[in-house]
Amino acid sequence: MTDPLALTPIRPGPLSRREAMAAALGLLAATAAGPARAQAYPVRAMQLVVPFAAGGGVDVVTRVVAEAAGDVLKQRFVIENRGGAATILGSQTVAKAEPDGYTLLAAPTTMVINPALKANVPFDWEKDFVPVAMIAKLPFVVAAGKSYPANTMKELAAHGQASKRPITFGSGGTGTVAHLAGEFFGLVSDTKVQHVPYRGEAPALTDAISGNIDVMFSTLAGASSHVKGGTMKALAVTTGKRASLLPDVPTVAEQGYPGYDLSAWVALVAPKGTAPEVVQVLNSAINAALGRPDVNARLVEIGAEPAPGTPAELAAFMAKDAETWARVVKSAAIKVE
């Protein structure tokens, strides 16, 4: 910032009382300008890009938290659904946006998975974005039809190792978190698995219920109603801690596979160059929203787990998650066209 005193010409004699007062007021105004600008954010609505079509899990979770965070900030988050190219289209839009805090991204897990799956991702999530706040994690549940012989993950592995064919598991598509979660279990349990991709989660769940495939690595939102309704049984949840929606279902790690801790997630990120003061304002608003009992209850109801934290914690989490997925993709030799 230019020194306001440097704009005052040097006089051979002392300043008059009026000149001295004018100079002091000028210095005070210049010093206060910076903090005033930071305190003013946000002064208008913020565009929040969701790189999926409306109505999916990430979209619903984002809208629940964004509405509450908007109440905190006294400004609205305007949701723009911009799906396509495995979330790359919407993400790229925000990567190129002005870093003024008014164009933000609800970043999904695919942001850190895509570099391991695709050769030419048109942005670098570490260089082109600033982590702001974790919005929520979305655990998966390993579920099977009621007649399937295995009831635990150890029994599932034993069944697969004794069988002449691999364990078949379904997901909503190749390269999804559910697909990679199943491949990761095959690796840690030394069990042959075979992924069966579907056009969405619903038809995969139908085939698991009927026994056409062995198990599903499903979102909680997708499988919990079937589990509670008795048409499916839950073998495990994939996160390190039990899920609030299915508290009686043990984790994969609890059943003898330590270190198995996977989930989908959605986080708020901003274009690189966004001021630290703006990042902190947004982080505080998201965490305040997650602290509301009504928001917390709604997230649990739709199969999500609130996960407040700092921007630094989010950055570390994303880096670790990227390493995990890269290892799974390489070890399982997964290819996406």
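As a reminder, the structure under discussion sits directly above these lines.
First things first, this report covers the structure right here in the doc. (Residues numbered from 1 in each chain as written. Predicted model: local features only at pLDDT ≥ 70, side-chain atom pairs only at ≥ 80, totals over all residues. Heavy atoms only, no water.)

1. Section: the overall build of the chain
To keep it simple, the criterion reads: Strands are runs of DSSP state E lasting at least 2 residues, helices are runs of H or I lasting at least 4, and numbering of each runs from the N terminus. Type-normalised accessible area, obtained with a 1.4 Å probe on protein chains alone, sets the label of each residue: buried when under 20%, exposed when over 50%, and partly exposed for intermediate values. Here the accessible surface of atoms and residues is derived via Shrake-Rupley with a 1.4 Å probe, and residues count as covered only by protein chains that are part of the display.
From N to C terminus, the chain includes 12 helices and 10 strands. Each of the 337 residues in the chain was classed as buried or not, and the buried ones make up 47%. Total accessible area on the chain is roughly 16200 Å²; 56% of this is exposed by carbon and sulfur atoms.

2. Details of the side chain of Thr239
So the rule is basically this: Residue contacts are defined here by distance: any two heavy atoms, one from each residue, within 4.5 Å place the two residues in contact.
Turning to its location among the elements, Thr239 is positioned in the loop between β8 (232-237) and β9 (263-271). Relative accessible area serves as the criterion here: at 10%, Thr239 is assigned to the buried category. When residues no more than four places from it in sequence are discounted, the contact partners of Thr239 are Pro139, Thr251, Tyr260, Asp261, Leu262 and Ser263.

3. With respect to the pattern of salt bridges
To keep things clear, this is the line we draw: The salt bridge definition used is simple: a Lys or Arg side-chain nitrogen within 4 Å of an Asp or Glu carboxyl oxygen.
The tally for this structure, following the rule as stated, stands at 8 salt bridges. Between Asp100 and Arg44 there is a salt bridge, and its shortest N-O distance comes to 3.8 Å. Taken as a pair, Asp100 in the loop between α3 (88-95) and β3 (103-108) and Arg44 in the loop between α1 (17-40) and β1 (46-50) lie far apart in primary sequence, 56 residues in all. Among the salt bridges present, the one from Asp71 reaches Arg292, with a minimum N-O distance of 3.3 Å. Of this pair, Asp71 sits in helix α2 (residues 57-73) while Arg292 sits in the loop between α10 (276-290) and α11 (293-301), and the two are 221 residues apart along the sequence. For Asp71, a relative accessible area of 44% corresponds to the partly exposed category. Residue classification places Arg292 among the partly exposed positions, given a relative accessible area of 29%. Salt bridges here are not isolated pairs; linked through shared partners, they connect Asp71, Arg292 and Asp294.

4. So, the packing of aromatic side chains
We count it as follows: Each pair of aromatic rings taken from Phe, Tyr and Trp, with Trp reduced to its six-membered ring, is defined by centres within 6.5 Å and is described as stacked if the planes are under 30 degrees apart, edge-to-face if over 60, and tilted in the remaining cases.
In the structure shown here, the tally under the stated rule is 6 aromatic pairs. Look at Tyr41 and Tyr102: their rings are 5.2 Å apart centre to centre, the planes differ by 65 degrees, and that puts the pair in the edge-to-face class. Taken together, the residues span a long stretch of sequence, with Tyr41 in the loop between α1 and β1 and Tyr102 in the loop between α3 and β3 at a distance of 61 residues. Take Tyr41: its relative accessible area is 9%, and that puts it in the buried class.

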